[in-house]
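Architecture at a glance
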Amino acid sequence: MLISVIGLGRLGLVHAAVMAKYGHHVLAVESSSARVDLLKRGELPFYEPNLDLVLLEAIESGRITFHNEHPEESKQAQLHFICVGTPQSAQGEQADTSYVFDAASKLAQFMSPKSVVVGKSTVPIGTARGVSDLLENLTGSKRHVVWNPEFLREGHAVADTMRPDRIVLGSESKDAEALVLEGYKQIIDLGVPVVSCDFQTAELVKVSANAFLATKISFINAVAEVAENTGANTELIAEALGLDDRIGRKFLNNGLGYGGGCLPKDSRSMKHIAEQVGAPGLANLLSSVEAINVGRKERILELAKQQVGDLTGKRVAVLGAAFKPNTDDIRDSPAIDIAQRFHHAGASVVIQDEMAIENVVRELPHFDAVVSPDEALAQADLVVIATEWRSYAQIDPSEAGKLVSHKNLILARKVVDEKLWQGHGWNVKALGRS
Ligand code: UGA
């Protein structure tokens, strides 16, 4: 099929590259000319494991081309995927859909009556209907719209796009849905289930999924608060809970809480929807979920004060800046959140990250930012592990002890063996333990 993909961010670029890998011809459209130039050279604007290989293969096959605006060829495309961002709006908790409507209005003149707009962006309820109405107004006749939320995880985006857990299609037309299913034929042939529904169900599935994941994380973090006060071990509780396959072990890692471009924004957006439609039960639940998430960061400051007293002038090494490992994304990162809190408490903060440091330097120039853990540890009064990079497990606590001023360690994420560090004279505090 000839398809267009609009918006080449962490969602759209992966989608475009994978669609090309599955044999489609992809017109990849992105409004940032700097990004288009980069992509034409085969370079990536962000880090995502394996995306470089898939993209290079797509470019070499000639099945993907990059454009600043829709080329004339877009008129022949059967599917147009809208993958633009929907950041949290400056006014409140609702997602900002202006990029979606902007993309749809630019698309109108390139749509044939049979082609389908496939919305993949995460949007509030009513957006798909709004896009459909807008296209009808601009073209003078009804146009096909299908809402098809995306569930990929950063760090696993290529694999998740190649074989998602499910495909959700919200639509009002069986013909439109059939065309999207044809586009996804190879994926469906892998046995991936399809859920067909209306627009608002598709829109709500997406924010519900992220709000549920946020709730699961906050649940174990709330249990961790109890464990901290009773001497119980949160990791063993999670292990035991997870052995019940109705609960499952995934997303029960206690620690600094959730961050990133999606879980915080989408659970706030879901809370906003609940408030708007008068569903206080969900709104209150998600308020608590968010409060627990914030509470974990405050707890780190308490632990730090127990270890070093007044933080003014203390050197704090924050190991990790990315909101989770295997990405360079620092949006709403819990690691950055605590670094800011230490900074505001008067500490001198150095942040280390193996992948995200360029983003720290660009967006948070007031921090010392380094790539090597050894540099970060030098003269530190306190070390905080804030992102679960596996490489931290390789740090030798004995050698690390020679670099720091004081051997204080806080495990905000569990990635090293605390007993090993304690054995080398480190004063270790971990979230979820008394
Ligand atoms: C999330 C969802 O998992 C995807 O399904 C969804 O498609 C995506 O948002 C999106 O809406 O685009 P992602 O933002 O990549 O994916 O991050 P997650 O893997 O969900 O992790 C979110 C945060 O939760 C991270 O800060 C992570 O460290 C934290 N987390 C995760 C925990 O604190 N504990 C856990 O047990 C799991």
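The present account deals with the structure reproduced in this document. In this text the structure is predicted, and so the values were computed from the model without any measurement. (Residues numbered from 1 in each chain as written. Predicted model: local features only at pLDDT ≥ 70, side-chain atom pairs only at ≥ 80, totals over all residues. Heavy atoms only, no water.)

1. A closer look at the pairing of strand β13 (residues 408–411)
Alternating positions in β13 separate into two faces, Asn-408 and Ile-410 on one and Leu-409 and Leu-411 on the other, with burial throughout. A crossover connection joins strand β12 (residues 382–385) to the parallel β13 through helix α16 (residues 397–403); in handedness this β-α-β unit is right-handed. Taken together, β13, helix α17 (residues 418–423) and strand β14 (residues 427–430) form a β-α-β motif whose crossover is right-handed. (Buried < 20%, exposed > 50% of the residue type's maximum accessible area, 1.4 Å probe, protein only. Helix = DSSP H or I, 4+ residues; strand = E, 2+ residues; numbered from the N terminus. Right-handed = clockwise from strand over helix to strand, strands pointing away.)

2. Observations concerning the pattern of salt bridges
Pairing between side chains of opposite charge can happen when their charged atoms approach one another. Inspection of the entire model under this criterion finds 29 salt bridges. Here Arg-315 and Asp-368 are joined by a salt bridge, their closest N and O atoms 3.0 Å apart. Highlighted residues: Arg-315 in strand β9 (residues 315–319) and Asp-368 in strand β11 (residues 368–370), separated in sequence by 53 residues. For Asp-368, a relative accessible area of 40% translates into the label partly exposed. With a closest N to O distance of 3.0 Å, Glu-399 and Lys-402 form a salt bridge. Of the two residues, Glu-399 and Lys-402 both sit in helix α16, three residues apart, roughly one turn of that helix. A relative accessible area of 59% means that Lys-402 is categorised as exposed. One salt-bridge network, in which partners are shared between bridges, spans Arg-10, Glu-154, Asp-328, Asp-329 and Arg-331. (Salt bridge = Lys/Arg side-chain N within 4 Å of Asp/Glu carboxyl O.)

3. What to know about helix α4 (residues 98–107)
When α4 is considered as a whole, its buried residues turn out to be Val-100, Ala-103, Ala-104 and Leu-107. Seen from one end, α4 has its buried residues packed into an arc of 100°, which puts them on one side. Packing partners of the buried residues in α4 comprise β1 (2–6), β4 (79–82), β5 (116–119), α5 (127–139) and β6 (144–147). (Arc of directions from axis to C-beta. Contact = heavy atoms within 4.5 Å.)

4. Description of the packing of helix α1 (residues 12–21) against helix α3 (residues 51–61)
The geometry of α1 relative to α3 is characterised by a closest axis approach of 9 Å and an angle of 50° between their N-to-C directions. With respect to each other, α1 and α3 are oriented oblique. The crossing of α1 and α3 is left-handed. For the pair α1 and α3, the contacting residues are Leu-13, Val-14, Ala-17, Val-18, Ala-20 and Lys-21 in the first and Leu-51, Val-54, Leu-55, Glu-57 and Ala-58 in the second. Partitioned by chemical class, the residues of the contact of α1 with α3 number nine nonpolar, no polar and two charged. (Axes fitted to C-alpha atoms, helices over the stretch in contact; angles between N-to-C directions. Parallel < 35°, antiparallel > 145°, perpendicular 65-115°, else oblique. Left-handed = near helix turned anticlockwise from the far one by under 90°. Nonpolar A, V, L, I, M, F, W, Y, C, P; charged D, E, K, R; others polar.)

5. Things to note about the site of the ligand
The environment of the ligand is formed by 21 residues, the closest being Phe-151, Leu-152, Glu-154, Lys-206 and Asn-210. Burial of the ligand by the protein chains amounts to 91% of its free accessible area of 720 Å². Of all the secondary-structure elements, those providing two or more residues to the shell around the ligand are α9 (199–230) and α11 (263–276). At four residues, the largest contribution of residues to the shell around the ligand is made by α9. Partitioned by chemical class, the residues of the shell around the ligand number 10 nonpolar, four polar and seven charged. (Near = heavy atom within 4 Å. Areas by Shrake-Rupley, 256 points an atom, 1.4 Å probe, with all protein chains shown as cover.)

6. What to know about the packing of aromatic side chains
For any pair of aromatic rings, the description rests on two quantities: the centre-to-centre distance and the angle between the ring planes. In the structure shown here, the tally under the stated rule is two aromatic pairs. Seen in terms of ring centroids, Phe-81 and Tyr-184 are 6.1 Å apart; in terms of plane orientation they differ by 45°. Their pairing is tilted. Here the residue Phe-81 occupies a position in strand β4, and Tyr-184 occupies one in the loop between α7 (174–183) and α8 (185–189), the gap between them amounting to 103 residues. Residue class for Tyr-184 comes out buried when judged on its relative accessible area of 4%. Geometrically, the ring pair formed by Trp-421 and Trp-426 is edge-to-face, given 4.9 Å between the ring centres and 65° between the ring planes. (Phe/Tyr/Trp six-rings, centres within 6.5 Å; stacked < 30°, edge-to-face > 60°.)

7. Notes on the sheet that holds β14
Taken together, the six strands give an open sheet; going across it, the order is β11-β10-β9-β12-β13-β14, and neighbouring strands pair in parallel fashion. Unpaired on one side and paired on the other, β11 and β14 mark the two borders of the sheet. Neighbour-to-neighbour, the strand axes of this sheet turn through a mean angle of 20°, independent of strand direction. The strands touched by helix α13 (residues 334–344) within the sheet are β9, β10 (348–352) and β12, with β10 carrying the most contacts at an inclination of about 160°. (Pairing = 2+ DSSP bridges.)

8. Let's talk about the nonpolar core
The biggest cluster of nonpolar side chains holds 53 residues, and the ones touching the most others in it are Ile-300, Phe-342, Val-383, Val-384 and Leu-409. Apart from residues lying up to four places away in sequence, Ile-300 is in contact with Leu-256, Ile-338, Phe-342, Val-384, Ile-410, Ala-412 and Leu-431. In this structure, Leu-11, Val-26, Val-158 and Ala-176 belong to the second largest nonpolar core, which totals 40 residues. (Core = buried A, V, L, I, M, F, W, Y, C linked by side-chain atoms within 4.5 Å.)

9. Observations regarding the environment of Ala-95
One can find Ala-95 in the loop between β4 and α4. In this structure, the C-alpha to C-alpha distance between Ala-95 and Asp-244, residues 149 residues apart in sequence, is 35 Å. Setting aside anything within four residues of it in sequence, one finds Ala-95 in contact with Thr-86, Pro-87, Gln-88, Ser-89 and Pro-124.

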